[in-house]
Number of protein chains: 2
Amino acid sequence: MARAIRDMTVRGAPAIGVTAAMGLALAAKQSRHTDIGRLLLDIKKAAEIMRATRPTAQNLFWALDRMLRKAGETAGQGRDIREALVAEAQLMADEDVEANHRIGSFGADLMEDGDTVLTHCNTGTMATVSFGTALGVIRTAFNQGKRIKVIATETRPRLQGARITTYETLSDKIPTTLIVDSAAGIAMSKGMVSKVIVGADRITRRVVINKVGTFMIALAAKRHDIPFYSAAPATTLDLGGQHSDVEIEERDPSEVTRIRGRQVAPVGVKVFNPAFDITPLDLVTAVITDKGVFSGEQIQNMPAP
Amino acid sequence: MARAIRDMTVRGAPAIGVTAAMGLALAAKQSRHTDIGRLLLDIKKAAEIMRATRPTAQNLFWALDRMLRKAGETAGQGRDIREALVAEAQLMADEDVEANHRIGSFGADLMEDGDTVLTHCNTGTMATVSFGTALGVIRTAFNQGKRIKVIATETRPRLQGARITTYETLSDKIPTTLIVDSAAGIAMSKGMVSKVIVGADRITRRVVINKVGTFMIALAAKRHDIPFYSAAPATTLDLGGQHSDVEIEERDPSEVTRIRGRQVAPVGVKVFNPAFDITPLDLVTAVITDKGVFSGEQIQNMPAP
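Residues numbered from 1 in each chain as written. Chains lettered and ligands numbered in written order. Predicted model: local features only at pLDDT ≥ 70, side-chain atom pairs only at ≥ 80, totals over all residues. Heavy atoms only, no water.

*Asks:* Help me understand the relation of the copies chain B and chain A in this model?
*Replies:* Copy one and copy two of the chain differ by a rotation about a common axis and a shift along it. With an RMSD of 0.0 Å, the operation that places chain B on chain A is a rotation of 180° combined with a shift of 0.0 Å along the axis. The transformation just described matches what one would write down for a two-fold rotation axis. Interface overlap between copies: 100% of the residues of chain B at the interface are likewise at the interface in chain A, consistent with a symmetric, same-surface contact. (Least-squares fit on C-alpha atoms with pLDDT ≥ 70 in both. Contact = heavy atoms within 4.5 Å.)

What follows is the structure in structure tokens.
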């Protein structure tokens, strides 16, 4: 499971969180120890391996902490840890789907009939347990009968937009146009975009951390007075954290220099390949969560969890 | 020659201009007509074919008009049109190299020792007759002994940055880092960029039209107070034109959906693939030409040509 997260076989902050939880449940089941202390140690070891897979998505750390807390509580109560962790991971998966539907419902109220919504990266069924966050909002609005069109950015370097988002929206029969990431600005200049909605990998009191490119799209949206939304479960909020403390993951140069196995740059060229970037909340019209829709100011002033 | 321009075997506004001129010289040489009127008609027909290749780069139209004018003048003087057009195209090629060196010299004065210069697309030897515009500025500063580093954007969809710019800068031993286009924003947030310099395909009194993505990079530069320059020969200026009249070329969807022959998006997905975008001059610190360095305000108030 750790390898699946690291190599992005599983990607998308909510999917990563639930996958990590399932990984801990598996680790518990696979441990041969009957001694509770040793079983807990195996689970903690698995959690450390999981924790080291990717540094940025808040949901990963939230999920691991919740599972470890559950293991500790269950041990304290003398109940079956393995059974409890399997049930907890399954509960978290179910909760994710519910949260996405709530995000979709809150967000759909902000979408208008006739909107063309630009979205970045993939935030749908394949980034979550099911349904999606930003894409869940689009889905919900579309299913309500609003005539919504999508502009999907291809999302270099991993092309989640080109490969996954367009697949999901076209499967839903939502009219979709694919663009290179760089074309978001001119699409806005030409009046082709009425809303922007993206996901989030971590939201602090001051910033949204999301797939690299989000920040530049937010700047372009601001320039054109186009509403810019970030949609994510409340578990993505990191209200105790400073974004300056958040590690922005840098991934392998080959993600940039090789595309689907073909070399597209001189061998050995130096590469800077950040997976995420940082969008200040002053560029974000609102954050759409399963607990409701919040302005940047509201997020800044939320009570500590 | 028209096909080479259309399929981007030759690309880069200055290279396109000189190639078009050479195309007209070839058309004149290949015409079998001895009658001057018929020869001129062949040349005009070739010019129309050339004119229809790509709609945005100013240099193409400038070059064709100059060659047609030369043909007309030469005919009026009873001199050898073929010989005159070959000489004129060769002169334009030589002038391009000279202009690039002058651009380099003017621009290098703006580059400081220790600068890390972000550039977009390719503006070097392979976008011009030789040396380059924006890349010529970087080259000149580097050759003057200034310690300049380059951040090159890969430049989707055609990857001119990944394939060509890095090849040119690494050949010159200029330290180079490759990024996806979307990473320009976070590179700036992290303080990795001290200047931005790009080329131009057309400059009107109000905007710079350049490779798609330029506008979003300019917005990010503005947000971080990073100087943003556009470098181009004065022949790129279109002082009589309104940018609203300029056609922004849209190219084939397959440039986005296929990368080096590999399909990367669902077959048949709709694509918006503009080759250029429009950067208002309020985002441009200065335009560097072979005639000198000009602020947006100076360009706005230049006398009509």
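*Asks:* Explain the domain arrangement of chain A here, please?
*Replies:* Reports often express the size of an interface as the amount of accessible area lost when the parts come together. All names here are of chain A. One can read the domain layout of chain A as domain 1 (2-100) and domain 2 (104-300). Measuring from the centre of the C-alpha atoms in domain 1 to the corresponding centre in domain 2 gives 27 Å. Tallying the contact residues gives 22 residues for domain 1 and 32 residues for domain 2. For the pair domain 1 and domain 2, the summed buried area comes to about 2,100 Å², and 51% of that belongs to carbon and sulfur atoms. When the buried surface of domain 1 facing domain 2 is broken down by residue, Arg11, Thr56 and Asn100 rank first, second and third, together holding 32% of it. Counting across the domain 1 and domain 2 interface gives one salt bridge. (Domains from an automatic or database assignment. Buried area = accessible area lost by both parts, 1.4 Å probe. Salt bridge = Lys/Arg side-chain N within 4 Å of Asp/Glu carboxyl O.)

*Asks:* Honestly, the packing of helix 3 (residues 36-51) of chain B against helix 5 (residues 81-108) of chain B in this entry has me stumped. Any pointers?
*Replies:* Think of two packed helices as two axes; the pair is described by the angle between the axes and how far apart they sit. Residues and elements named next belong to chain B. Taken N-terminus to C-terminus, the directions of helix 3 and helix 5 make an angle of 30°; their axes are 11 Å apart at the nearest point. Considered as vectors, helix 3 and helix 5 are oriented roughly parallel to each other. Counted together, Ile36, Leu39, Leu40 and Ile43 of helix 3 and Ile81, Arg82 and Leu85 of helix 5 form the full contact between these two elements. For the contact of helix 3 with helix 5, the residue count by class is six nonpolar, no polar and one charged. (Axes fitted to C-alpha atoms, helices over the stretch in contact; angles between N-to-C directions. Helix = DSSP H or I, 4+ residues; strand = E, 2+ residues; numbered from the N terminus. Parallel < 35°, antiparallel > 145°, perpendicular 65-115°, else oblique. Nonpolar A, V, L, I, M, F, W, Y, C, P; charged D, E, K, R; others polar.)

*Asks:* Before we go on, may I ask you to explain the pattern of salt bridges in this structure?
*Replies:* Side chains carrying opposite charge are able to pair once their charged atoms draw close together. Residues and elements named next belong to chain A. Using the criterion set out here, one finds 38 salt bridges over all chains in the structure. Across the pair Lys195 and Glu112 runs a salt bridge, and its minimum N-O distance is 2.8 Å. In this pair, Lys195 is assigned in strand 4 (residues 195-198) and Glu112 in the loop between helix 5 (81-108) and strand 1 (116-119), connecting sequence segments 83 residues apart. Exposure remark for Lys195: the relative accessible area of 4% places this residue in the buried category. Here the salt bridges share partners, and the residues they tie into one network are Arg54, Arg158, Glu249, Arg251 and Glu255. (Buried < 20%, exposed > 50% of the residue type's maximum accessible area, 1.4 Å probe, protein only.)

*Asks:* Just to check I follow, could you spell out helix 7 (residues 160-171) of chain A for this structure?
*Replies:* In an α-helix there are 3.6 residues to a turn, and that puts residues three or four apart on one side. Residue and element names in this part refer to chain A. Compared with the 16 Å implied by 1.5 Å per residue over twelve residues, the 15 Å span of helix 7 between its first and last C-alpha is a close match. Of all the positions in helix 7, only Gln160, Gly161, Ala162, Ile164, Thr165, Thr166, Glu168 and Thr169 are classed as buried. Among the residues trailing helix 7, Lys173 stands out with phi positive, at a value near 65°. (Expected span 1.5 Å × (residues − 1).)

*Asks:* Would you mind showing me how to read the packing of aromatic side chains here?
*Replies:* Any aromatic ring pair is given by two values, namely how distant the centres are and how the planes are angled relative to each other. Per the stated rule, a full pass over the model turns up zero aromatic pairs over all chains. In this structure, Lys211 of chain A packs its charged tip against the face of Phe276 of chain A, placed 5.0 Å from the ring centre. (Phe/Tyr/Trp six-rings, centres within 6.5 Å; stacked < 30°, edge-to-face > 60°. Lys NZ or Arg CZ within 6 Å of the ring centre and 35° of its normal.)

*Asks:* Honestly, the interface of chain B and chain A in this entry has me stumped. Any pointers?
*Replies:* The interface of chain B with chain A comprises 55 residues on the first partner and 55 residues on the second. Both sides together, the interface formed by chain B and chain A hides about 4,300 Å², and carbon and sulfur atoms give 70% of it. At the boundary of chain B and chain A, one finds six salt bridges. Across the pair Glu154 of chain A and Arg156 of chain B runs a salt bridge, and its minimum N-O distance is 2.6 Å. Taken together, the connections running from chain B to chain A amount to eleven residue pairs in polar contact (both at pLDDT 80 or more). Broken down by secondary-structure element, the contributors of at least two residues to the side of chain B that touches chain A are helix 7 (160-171), strand 3 (176-179), helix 8 (184-189), helix 9 (214-223), helix 10 (254-257), strand 9 (262-263), strand 10 (270-271) and strand 11 (276-280) of chain B. Element by element, the count of residues in the side of chain B that touches chain A is highest for helix 9 of chain B, at six residues. When grouped by side-chain class, the residues that make up the side of chain B that touches chain A number 32 nonpolar, eleven polar and twelve charged. (Polar contact = N/O pair within 3.5 Å; in protein donor to acceptor, adjacent residues only side chain to side chain.)

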